[in-house]
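Analysis of the macromolecular model
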Amino acid sequence: MAEVENKEPIKASEMDPKFKYEIAKMHGGEKLMRCFQCGTCTSDCPVAKFSETYRPRQIIRMAQLGLKDRVLNSDTLWLCAACFTCTDRCPQDVEVASVIRVLRNLAAEKGIVPQVFKEQAVSILESGYAYKIPDLRIKKRETLGLPPLPRGNSEGIKKALHGVSFLKHLEKKGE
Ligand code: SF4
Ligand code: SF4
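Residues numbered from 1 in each chain as written. Chains lettered and ligands numbered in written order. Predicted model: local features only at pLDDT ≥ 70, side-chain atom pairs only at ≥ 80, totals over all residues.

**What about helix H8 (residues 135–143)?**
In terms of burial, H8 is a largely surface element, 0 of the 9 residues being buried. Count one or two residues on from H8 and you reach Gly145, which has phi positive near 80°. (Buried ≥ 20, exposed ≤ 12 C-beta atoms within 10 Å, placed from the backbone. Helix = DSSP H or I, 4+ residues; strand = E, 2+ residues; numbered from the N terminus.)

**As for the domain arrangement of the protein chain**
Here the protein chain is described as being made up of domain 1 (12–109) and domain 2 (115–173). Summarising the inter-unit geometry, the C-alpha centres of domain 1 and domain 2 are found 30 Å apart. (Domains from an automatic or database assignment.)

**Focus: the site of ligand 2**
In the vicinity of ligand 2, 14 residues are found, and the nearest of them are Cys45, Cys80, Cys83, Cys86 and Ala97. Of all elements in the fold, only helix H5 (85–89) and helix H6 (96–109) reach the threshold of two or more residues within the shell around ligand 2. In terms of residue count, the dominant contributor to the shell around ligand 2 is H6 (3 residues). Across the shell around ligand 2, the residue classes break down as 13 nonpolar, 1 polar and no charged. (Near = placed C-beta within 6 Å. Nonpolar A, V, L, I, M, F, W, Y, C, P; charged D, E, K, R; others polar.)

**Observations concerning the site of ligand 1**
Close to ligand 1 lie 14 residues, the nearest being Cys35, Cys38, Thr40, Cys41 and Cys90. Contributing elements (two or more residues each) for the shell around ligand 1: helix H2 (40–44) and helix H3 (56–65). Tallied by class, residues from the shell around ligand 1 come to 9 nonpolar, 4 polar and 1 charged.

**Remarks on the nonpolar core**
Counting 29 residues, the largest nonpolar core has Ile59, Ile60, Ala63, Val96, Val99, Ile100 and Leu103 as its most contacted members. Every element with two or more residues in this core is listed here: helix H1 (19–24), H3 and H6. Looking at which element gives the most residues to this core, the answer is H6, with 9 residues. (Core = buried A, V, L, I, M, F, W, Y, C linked by C-beta atoms within 7 Å.)

**Structural notes on the packing of H3 against H6**
How two helices sit against one another is set out by the angle between their axes and by the gap between those axes. Two elements in contact, H3 and H6, have axes separated by 10 Å at closest approach and are oriented at 60°. On the basis of the axis angle, H3 is oblique to H6. The element H3 and its partner H6 pack so that their crossing is left-handed. Contacts between H3 and H6 involve Pro56, Ile59, Ile60 and Ala63 from the first element and Val96, Val99, Ile100 and Leu103 from the second. Grouping the constituent residues of the contact of H3 with H6 by class yields 8 nonpolar, no polar and no charged. (Axes fitted to C-alpha atoms, helices over the stretch in contact; angles between N-to-C directions. Parallel < 35°, antiparallel > 145°, perpendicular 65-115°, else oblique. Left-handed = near helix turned anticlockwise from the far one by under 90°. Contact = placed C-beta atoms within 7 Å.)

**Points about the environment of Lys159**
Mapping Lys159 onto the fold places it in helix H9 (residues 154–160). As a C-alpha pair, Lys159 and Leu125 span 34 residues in sequence and 10.0 Å in three-dimensional space.

**What about unusual backbone geometry?**
In this structure, Ala82 is a non-glycine residue whose phi angle is positive, near 55°. Within the element layout of this structure, Ala82 appears in the loop between helix H4 (68–72) and H5. With 12 C-beta atoms packed within 10 Å, Ala82 lands in the exposed category. Of note, Asp93 is a non-glycine position whose phi angle comes to about 60°, a positive value. Summarising the element assignment, Asp93 is placed in the loop between H5 and H6.

Here it is in structure tokens:
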């Protein structure tokens, strides 16, 4: 996944003052406004260590400022490994990882999801596996005398995910 960030200067018209309240109403987003931008989350984040652009502190600030479109369209939003180090270390008890999850959910509701995750979702729905194992590899297992792979429970997964709006976006686009 390419790490592409919007470097355009921020315009006042981009700021939605209600956005922070929208996030604060969601589970995990309640303490968003406590952030005082100390940067501890970024300095301790294992992903930020290996990325030129991934900065959880910036994501939190964009959310506070109401830069809704900018943050929901940010590719870096999807780099979080959900390790919760940031949440554990934040001196203000901001649930950073949960705020990122809330933002991802809002993006997914609009169908803004990197192609790689869309493909994984389609594969899970079709086969029960995040990665569809090619027939050639399955045949090779047989020739090597390996046992068959357990069947994925795609029907059970579809049932469990019934009503999830992100999936409607997949269906709509026929992806
Ligand atoms: S560690 Fe907490 S207070 Fe510091 S920048 Fe991150 S979210 Fe804000
Ligand atoms: S949960 Fe995400 S943002 Fe927080 S430290 Fe882990 S990878 Fe970084």
